[in-house]
Amino acid sequence: MTPYSIWILEYAFIPECPLSSLVYGRHNQGTVKLPYGYVLIKGNGQTILVDCGYDHESVGRKFGEFYGVQNWRSPRDVLAEVGLTPEQIGHVIITHAHFDHMGGLALFPNAKFYIQEREISRWIWAMSLERRLRWLMTAGDPSDIIKAVELARDGRLVTLKGDVEDLFPGIDVRYAEDSHTPGSQYVVIRNDGLRASKDPYVCTGDLIYRHENLHGGTPEDPYFIPVGLAIGSQVNLIMTADSILKAANGDTKRVLAPHEENMPSLYPSRKSRHGLQLMEVSLAPGERSAVA
Ligand SMILES: [Zn+2]
């Protein structure tokens, strides 16, 4: 395989999000910017997204307004910044079923989607419970689950069971059961193709919101703090954080967390004409820079 080009594409943001919702226990410590984004991986004949945002012009709007999301832009606007259209996306790996990660299913008409089997089945389970248990549906939109089931019927949703090596050449998915959600997964890109990669990148979904989840605010004496939302177990989140950091060879810069507001300072980046960040994590030989 040849190396992939990798970009993180911001598609909206929450200007003031309580830090306590992102880093467990950080109560009364103010607000931070929370970017919403997806990761684009291009190479080896594939155009892959990790997560697909949501549709603010459709049912997703009620969630966007509830959480105070601003400056939402469609995938057509966002992908134009790297010279692509939504129709050119062939595959979307869904880290988990929250609206800001899976609400864009209908916006990618030619894509095949990949999600953990437990993630989709447990959301259906949660939908079936009595109303007083509805916290279990936090940040999930039933219409997204129904859309996912329709895609399964149409042969466009693949359910995975646990870790998968080389879902695409050099791209693995890793399972994090009962963590942020019932069946979250994260993506490891081994960009040199080696099993013991010297050039890995990890797409975290919401298993890591901020690098602070990896160092606890004391990089000189780091410790893991779980993200501020666990439908599953904080123990599992801590152990997953450890696995993620190890998969990134211990380098937090290689941990690609779209909700981390400081990602643009770690890689060549620019603001789009819509005022959204575009970060160029890796540029394959022969590929044109989108930030130069
Ligand atoms: Zn999220």
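No experiment lies behind these values; they were computed from the predicted model shown.

1. Quick look at the sheet that holds strand 4 (residues 91-93)
Read from one edge of the open sheet, 8 strands run 6-5-4-3-2-1-13-12, paired in mixed fashion. Edge strands, defined here as strands with exactly one partner in the open sheet, are strand 6 (157-160) and strand 12 (269-271). Sheet twist, expressed as the average angle between the axes of neighbouring strands with direction ignored, equals 25°. Sheet topology places strand 12 next to strand 13 (residues 277-282); 3 bridges connect them, and they run antiparallel. Opposite lysine 271, over in strand 13, you have glutamine 277 as the bridge partner. Those strands touched by helix 4 (residues 117-127) are strand 5 (112-116) and strand 6, and its axis lies near 80° from that of strand 5.

2. Points about the packing of helix 4 against helix 5 (residues 142-153)
Where helix 4 contacts helix 5, the axes come no closer than 10 Å and their chain directions differ by 130°. On the basis of the axis angle, helix 4 is oblique to helix 5. Both helix 4 and helix 5 take part in a crossing whose hand is left-handed. Of the residues in helix 5, those in contact with Ile120, Trp123, Ile124 and Met127 of helix 4 are Pro142, Ile145, Ile146, Ala148 and Val149. When grouped by side-chain class, the residues that make up the contact of helix 4 with helix 5 number 9 nonpolar, no polar and no charged.

3. Let's talk about helix 5
Here helix 5 contains 12 residues, and its C-alpha end-to-end distance of 17 Å stays within 8% of the 16 Å for a straight helix at 1.5 Å per residue. Listed in full, the buried residues belonging to helix 5 are Asp144, Ile145, Ala148 and Leu151. Seen from one end, helix 5 has its buried residues packed into an arc of 115°, which puts them on one side. Where the residues of helix 5 are buried, they touch helix 3 (99-102), strand 5, helix 4 and strand 6.

4. Let's talk about the coordination of the zinc ion
Those protein atoms acting as donors to the zinc ion are Asp100 (OD), His101 (NE2), Asp206 (OD) and His259 (NE2), and they sit at 2.1 to 2.3 Å. Its 4 donor atoms give the zinc ion angles of 89 to 156° at the centre, a pattern that matches the irregular case. Every donor residue of the zinc ion comes from the same chain, spaced as D-H-x104-D-x52-H. A residue pair is termed long-range when its members are at least 10 positions apart, and aspartate 100 in helix 3 and aspartate 206 in the loop between strand 10 (200-203) and helix 6 (212-215) qualify at 106 residues. The burial state of aspartate 100 is the same as that of aspartate 206; both residues are buried.

5. A short note on the pattern of salt bridges
Enumeration over the complete set of coordinates arrives at 22 salt bridges. Between arginine 195 and aspartate 172 there is a salt bridge, and its shortest N-O distance comes to 3.2 Å. One end of the pair, arginine 195, is in the loop between strand 9 (183-190) and strand 10; the other, aspartate 172, is in strand 8 (residues 171-177), and 23 residues separate them in sequence. Classification of arginine 195 as partly exposed rests on a relative accessible area of 44%. In the salt-bridge network here, residues are joined through shared partners; they are Glu165, Asp166, Asp172, Arg190 and Arg195.

Analysis parameters
Residues numbered from 1 in each chain as written. Predicted model: local features only at pLDDT ≥ 70, side-chain atom pairs only at ≥ 80, totals over all residues. Heavy atoms only, no water. Pairing = 2+ DSSP bridges. Helix = DSSP H or I, 4+ residues; strand = E, 2+ residues; numbered from the N terminus. Axes fitted to C-alpha atoms, helices over the stretch in contact; angles between N-to-C directions. Contact = heavy atoms within 4.5 Å. Parallel < 35°, antiparallel > 145°, perpendicular 65-115°, else oblique. Left-handed = near helix turned anticlockwise from the far one by under 90°. Nonpolar A, V, L, I, M, F, W, Y, C, P; charged D, E, K, R; others polar. Expected span 1.5 Å × (residues − 1). Buried < 20%, exposed > 50% of the residue type's maximum accessible area, 1.4 Å probe, protein only. Arc of directions from axis to C-beta. Donors = N, O, S within 2.8 Å, 3.2 Å for Na, K, Ca; no water. Tetrahedral: all angles 85-135°; square planar, octahedral: opposite > 155°, others 65-115°. Salt bridge = Lys/Arg side-chain N within 4 Å of Asp/Glu carboxyl O.

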